[in-house]
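As a plain string of letters, each chain reads:
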Amino acid sequence: MDFLNRLDNRDRLILGIGVAVLAGVLGFFLFYAPYAKKVQAYRLEVAAKQELLAWMEEAAAEAGRLRAAGAATKGSASTSSPLAVIDTTVGRFDLAAALQRVEPAEDNGVWVWFENAVFVDLVNWLQELQQEHGMLVSECTADYQNAPGLVNCRILLTY
């Protein structure tokens, strides 16, 4: 306090303005900047979630169309082994590289695993399996990947 009392009015005014500017700069960098950064991160996250929702709605609509097409053609089941059908058809849809595992399941089913499969190719492949071979999708779990249009999925096909 003694220091402030020794200063004349002009120096006190300059010191007060300097302290106010310093407080404003510190307030900006300590409070506002981190808040603005979090808001921007949340905006980006919301945009990504909206994009994922749109993709999932499109996939659900396509799954409904495939289910309806499969129900209409269920009577035209193929006489080939499901494993053989899967093995021969994945190549036509450029899914051979994405196919990771195929194994029989209970109740006339086959589990099929794909990694980094192109979603559109996968849907077209499933459509052919339903229309041409009478295989239906009983369960499907798909994980959206960072690259657009790619999914990791696990599918239970029944015949």
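See the structure printed just above.
So, how was this worked out
Residues numbered from 1 in each chain as written. Predicted model: local features only at pLDDT ≥ 70, side-chain atom pairs only at ≥ 80, totals over all residues. Heavy atoms only, no water. Pairing = 2+ DSSP bridges. Helix = DSSP H or I, 4+ residues; strand = E, 2+ residues; numbered from the N terminus. Axes fitted to C-alpha atoms, helices over the stretch in contact; angles between N-to-C directions. Contact = heavy atoms within 4.5 Å. Salt bridge = Lys/Arg side-chain N within 4 Å of Asp/Glu carboxyl O. Core = buried A, V, L, I, M, F, W, Y, C linked by side-chain atoms within 4.5 Å. Buried < 20%, exposed > 50% of the residue type's maximum accessible area, 1.4 Å probe, protein only. Parallel < 35°, antiparallel > 145°, perpendicular 65-115°, else oblique. Left-handed = near helix turned anticlockwise from the far one by under 90°. Nonpolar A, V, L, I, M, F, W, Y, C, P; charged D, E, K, R; others polar. Phe/Tyr/Trp six-rings, centres within 6.5 Å; stacked < 30°, edge-to-face > 60°. Lys NZ or Arg CZ within 6 Å of the ring centre and 35° of its normal.

What am I meant to see in the sheet that holds strand 2 (residues 109-118) here?
Either a parallel or an antiparallel arrangement is found when strands of a sheet pair, and the pairing is made through backbone hydrogen bonds. Read from one edge of the open sheet, 4 strands run 1-2-4-3, paired in antiparallel fashion. With partners counted over all chains shown, the strands left at the sheet margins are strand 1 (99-105) and strand 3 (136-144), one partner each. Put simply, the sheet's adjacent strands are angled 15° from each other on average, direction ignored. Examined bridge by bridge, strand 3 and strand 4 (residues 150-158) share 8 bridges and lie antiparallel to one another. Its bridge partner being in strand 4, Asp143 is matched across the sheet by Asn152. Across the sheet, helix 3 (residues 82-89) touches strand 1, strand 2 and strand 4, and the angle it forms with strand 2 is around 15°.

Would you mind showing me how to read the pattern of salt bridges here?
Side chains that carry opposite charge are capable of pairing whenever their charged atoms lie near each other. Applying the stated criterion to the full structure yields 3 salt bridges. Arg65 is the salt-bridge partner of Glu62, the closest N and O atoms lying 2.3 Å from each other. Of this pair, Glu62 and Arg65 both sit in helix 2 (residues 9-72), separated by 3 residues, roughly a single helical turn. Residue Arg101 pairs with Glu103 through a salt bridge whose shortest N-O separation is 3.6 Å.

Even after reading the chapter, I still don't get the nonpolar core, so can you show me in this structure?
Nonpolar side chains tend toward joint burial in soluble globular proteins. Among the nonpolar cores identified, the biggest contains 24 residues, and Ile86, Leu95, Phe114, Leu122, Trp125 and Leu157 are the most heavily contacted of them. Looking at this core, the elements with two or more residues in it are helix 2, helix 3, strand 2, helix 4 (119-133) and strand 4. Discounting residues that sit within four places of it in the chain, Ile86 has contacts with Val102, Val110, Val112, Trp125, Met135 and Leu157.

What's the story with the packing of helix 3 against helix 4 in this structure? I'm lost.
The description of two packed helices rests on the angle between their axes and on the distance between the axes. It is the contact of helix 3 with helix 4, at a shortest axis distance of 11 Å, that shows an interaxial angle of 135°. One way to sum up the angle between helix 3 and helix 4 is to call them oblique. Between helix 3 and helix 4 lies a crossing whose hand is right-handed. Contact residues: Val85, Ile86 and Thr89 in helix 3; Trp125, Glu128, Leu129 and His133 in helix 4. By residue class, the composition of the contact of helix 3 with helix 4 is 4 nonpolar, 2 polar and 1 charged.

I keep staring at unusual backbone geometry and nothing clicks. Help me out?
Note: most peptide bonds trans; most residues except glycine with negative phi. The backbone phi angle of Asp94 is positive, close to 55°, even though this residue is not glycine. If you trace the backbone, Asp94 turns up in the loop between helix 3 and strand 1. Owing to a relative accessible area of 64%, Asp94 belongs among the exposed residues under this scheme. Here Asn116, not a glycine, exhibits a phi torsion of approximately 55°, which is positive. Along the polypeptide, Asn116 turns up in strand 2.

Which parts of the structure should I look at to understand the packing of aromatic side chains?
Under the definition given, this model contains 6 aromatic pairs. By the ring-pair criterion, three or more aromatic residues cluster together here, those being Phe28, Phe29 and Tyr32. The lysine or arginine in question, Arg101, covers the ring of Trp113, its NZ or CZ lying 3.9 Å from the ring centre. Its guanidinium or amino end placed over the ring of Trp111, Arg154 lies 4.3 Å from that ring's centre, counting from NZ or CZ.

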